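The residues making up each chain are set out below.
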Amino acid sequence: APVPRPTPPPTPQTARPTPKATTGAPPPDLFEWLHNHRRQLNQEVFRSYTKEGTGYRSYWFQYQDFYGALRLMSGVGDENQRGSNRGAGGQGGGSNREGTHGRRSNEGPDRNLQGGSGFGAGSGAGFITGQGTGGISGESITGLDKHLFYTGNDDPSHWEYGLVNIAAFLSHAMTESITHDACDEFHWERNSDADASTTEEQKGGSDQHYAVSNACGQDGQNYQEFQCGEGEEFMQCAVDRNLILQATTSAVYPNAPPPLSCRPRSTGESYTGYWDVVQGSTMALFPYENTYGRTDVEGCCYWGRGAIHSKGVCNIGKLNYYLGKKAQDEGRKSRYPTTDFCAFPEAICAAPESREMRWVTSMFEWTERVQSYDDMEGWNYMRKLKEFVDFGMVDFEFLEATSGILAKGCHDPPCAGSGTKVNGGYGTGTVHLAEERVKNFQTILIALEAGGEEALLRALIKYFTDRQDVMNGDVLQSQTPQGQMYPSYRYQLPDFLSAMTFISETGVGGRKFYTGEPRVPEGVRYGIVNAVMFLAQAYKEAIQYDACDENNWQLVNDRFPISNSCGQLGMSYQDQHCREDEAYMECPVKKDMEQVALTSAPWFQAP
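Just so you know, these numbers come straight off a predicted model, no measurement behind them.

Analysis parameters
- Residues numbered from 1 in each chain as written.
- Predicted model: local features only at pLDDT ≥ 70, side-chain atom pairs only at ≥ 80, totals over all residues.
- Heavy atoms only, no water.
- Disulfide = S-S within 2.5 Å.
- Helix = DSSP H or I, 4+ residues; strand = E, 2+ residues; numbered from the N terminus.
- Buried < 20%, exposed > 50% of the residue type's maximum accessible area, 1.4 Å probe, protein only.
- Phe/Tyr/Trp six-rings, centres within 6.5 Å; stacked < 30°, edge-to-face > 60°.
- Lys NZ or Arg CZ within 6 Å of the ring centre and 35° of its normal.
- Expected span 1.5 Å × (residues − 1).
- Contact = heavy atoms within 4.5 Å.
- Patch = residues over 30% accessible without salt bridge, like charges linked within 9 Å, V, L, I, M, F, W, Y side chains within 5 Å.
- Areas by Shrake-Rupley, 256 points an atom, 1.4 Å probe, with all protein chains shown as cover.
- Salt bridge = Lys/Arg side-chain N within 4 Å of Asp/Glu carboxyl O.
- Lys, Arg positive; Asp, Glu negative; His and termini not counted.
- Charge placed at Lys NZ, Arg CZ, Asp CG, Glu CD.
- Axes fitted to C-alpha atoms, helices over the stretch in contact; angles between N-to-C directions.
- Parallel < 35°, antiparallel > 145°, perpendicular 65-115°, else oblique.
- Left-handed = near helix turned anticlockwise from the far one by under 90°.
- Nonpolar A, V, L, I, M, F, W, Y, C, P; charged D, E, K, R; others polar.

Okay, the state of the cysteines next. Applying the stated criterion across every chain yields a total of six disulfides. In this model Cys 228 forms its disulfide with Cys 314; the gap between the sulfur atoms is 2.1 Å. With the S-S bond torsion at 105 degrees, the cross-link from Cys 228 to Cys 314 turns out right-handed. Placement of the pair is Cys 228 in the loop between strand 3 (209–211) and strand 4 (245–246) and Cys 314 in helix 6 (residues 312–322), with a sequence separation of 86 residues. Residue classification places Cys 314 among the buried positions, given a relative accessible area of 10%. One disulfide bridge connects Cys 262 with Cys 301, the sulfur atoms lying 1.9 Å from each other. Taking the torsion about the S-S bond as the criterion, the Cys 262 to Cys 301 disulfide, at about 105 degrees, is right-handed.

So this is what it looks like as structure tokens:
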């Protein structure tokens, strides 16, 4: 007769990964953490490369400037900061930060000022604490909470969220500017005029043509048409078609294209041509289009500048409205009260205070456009940032979505309502260098030692939780003697995850369960394989039989010896000794001990 199956318990509910492990120690101070990792950052992040791949310490983007700007933008303040650039001559002018441009307005902040989406519901971003901050209450550079660069300042235990937010920002800065050591956007899109390029190739010409009109926009975009959203139109720059500007930086290699520039049309130049790398000169025999179709550079002065290459009349207009001369003129707080970013956007790379400005303007854009992003349909940057950290920092779709927000205006481009001739092509197409941005993000996380073993454990827990149907349906299944499968009574997913958490965090005797490699991108995969190998052994030994105790399973002369309890497969368990250095740990054999196993084989007349 078949043995009745035990009644399984109710199916467990989905378990969320545990938040970051908490200990009695206070959370680290984020700025101290950054400073302690400055060597890794200088080696891996603040590093530029020649066209031949030779690396060198970036001239335009340096750790101490970034550090000072971050303190300023996060509300910690820029006085007496570690690695401060005060008094140090900088690229693009060399004056110190005590000059007229650097003084703050005496006007108080206008906290009723509206502009763009908020920082995030209930963010509480105004409170900052930690050793490096003195536990002060910080204020943003504009006086608005949404413009505080997020460093985990809503709660002392959230410092790791802040660290990852910094890493995300730096990953884009690496891609846009640091790697190329270029404060200004430079010519990177070539052969944009397909018809002209084909004609030149047929003539035996070069296939390396860079449209002079790339200054108007690259990647199928027209920067001077990047309009602000409804209700914010008054912030954007009015296009000045008479403005004449040239970028301060450009690509550096033999016969590289010159810096981007803008100027009005003239009777002597009714159209622009292209730069021929082989010839090392500008060719203007016929109109040569950029990918948007422009064959001029009139009013095209709003190319990208700064760490993340802020571009377009809206973004640059907001810099002027919140940080520049317009804020000063309207009696609001202004970091750069004499700088008119609309009239002279090149100030970001050429002004005396450029060393600070090239970081501050980019961090401002990050707070305005990325940290504040919420599509009102479920994708909120701040929530996704925290989920990325809580779930082990392995789902890099988070950074891919962030790339879309920064480059195209939405987390999943092409964006709704965008078009090739709508709003200057903003929101169309895919993100330029999307894979490089993710790789840079991974590099920075490793350089900053973000997450470590705690993040690996969270990722491991999430991996098995996300696959609970597979675990419950295929792995944690026991078998009746008749071959029927049923959910194991003694081996269940919540118990497995709880035990793995304990043995990974606390360990036993100084040994812990291996959860992966913290210094390798997606290093949790090693931990997953380790856990799967463990489960494979557990299934063979115990799970498939739903038995906690070893079964009497070895036949000797067609019988099951009672003495199998002493050992099977030719072994004697009481004679299996520890190594010499661990001999003191083994149990003394007690011949008068009596024990009866709680579980055994369930088939009819089983031993």
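Bringing the packing of aromatic side chains into the picture now. Applying the stated criterion across every chain, the model contains 32 aromatic pairs. Ring centres 5.2 Å apart and planes at 85 degrees place the aromatic pair Tyr 321 and Tyr 322 in the edge-to-face group. The class of Tyr 321 is buried, set by a relative accessible area of 4%. Taking relative accessible area as the criterion, Tyr 322 reaches 1% and is therefore assigned buried. Across the ring face of Phe 31, the terminal group of Arg 71 is positioned such that the distance to the ring centre comes to 5.4 Å. Sitting over the face of the ring of Phe 391, Lys 462 holds its NZ or CZ atom 5.1 Å from the ring centroid.

Moving on to unusual backbone geometry. Cis rather than trans, the peptide bond between Pro 413 and Pro 414 has omega equal to 0 degrees. As for its position among the elements, Pro 414 is in the loop between helix 11 (397–408) and helix 12 (434–447). One non-glycine residue, Glu 449, adopts positive backbone phi at about 55 degrees. Among the secondary structure elements, Glu 449 is positioned in the loop between helix 12 and helix 13 (452–466).

In this model, helix 12 (14 residues) spans 20 Å end to end at C-alpha, consistent with the 20 Å of a helix rising 1.5 Å per residue. Among the residues of helix 12, those classed as buried are Arg 437, Val 438, Asn 440, Phe 441, Gln 442, Ile 444, Leu 445 and Ala 447. Buried-residue contacts for helix 12 involve helix 2 (38–44), helix 4 (159–176), helix 10 (381–390) and helix 11.

Quick look at a nonpolar patch on the surface now. Residues Tyr 514, Val 520 and Tyr 526 make up a contiguous nonpolar surface patch of roughly 260 Å² in combined accessible area. Tracing the chain through its elements places Val 520 in the loop between helix 15 (493–505) and helix 16 (524–541). The class for Val 520 is partly exposed, based on a relative accessible area of 32%.

Moving on, we get to a negative patch on the surface. A cluster of acidic residues, Asp 395, Glu 397, Glu 400 and Glu 435, forms a negative patch on the protein surface. Position of Glu 400 relative to the elements: it lies in helix 11. Residue classification places Glu 400 among the partly exposed residues on the basis of a relative accessible area of 45%.

At a closest axis distance of 10 Å, the pairing of helix 9 (residues 354–371) and helix 11 adopts a crossing angle of 110 degrees. On the basis of their axis angle, the class for helix 9 and helix 11 is roughly perpendicular. In this structure, helix 9 meets helix 11 at a crossing whose hand is right-handed. Contacts between helix 9 and helix 11 involve Glu 365, Trp 366, Arg 369 and Val 370 from the first element and Thr 402, Ile 405 and Leu 406 from the second. Along the lines of polarity and charge, the residues of the contact of helix 9 with helix 11 split into four nonpolar, one polar and two charged.

Further remarks concern the packing of helix 6 against helix 9. Two elements in contact, helix 6 and helix 9, have axes separated by 11 Å at closest approach and are oriented at 105 degrees. Here helix 6 is positioned roughly perpendicular relative to helix 9, judged by the angle of their axes. Contact with helix 6, carried on its side by Asn 315, Lys 318, Leu 319 and Tyr 322, involves Thr 361, Phe 364, Glu 365, Glu 368 and Arg 369 of helix 9 and no other residues of that element. Tallied by class, residues from the contact of helix 6 with helix 9 come to three nonpolar, two polar and four charged.

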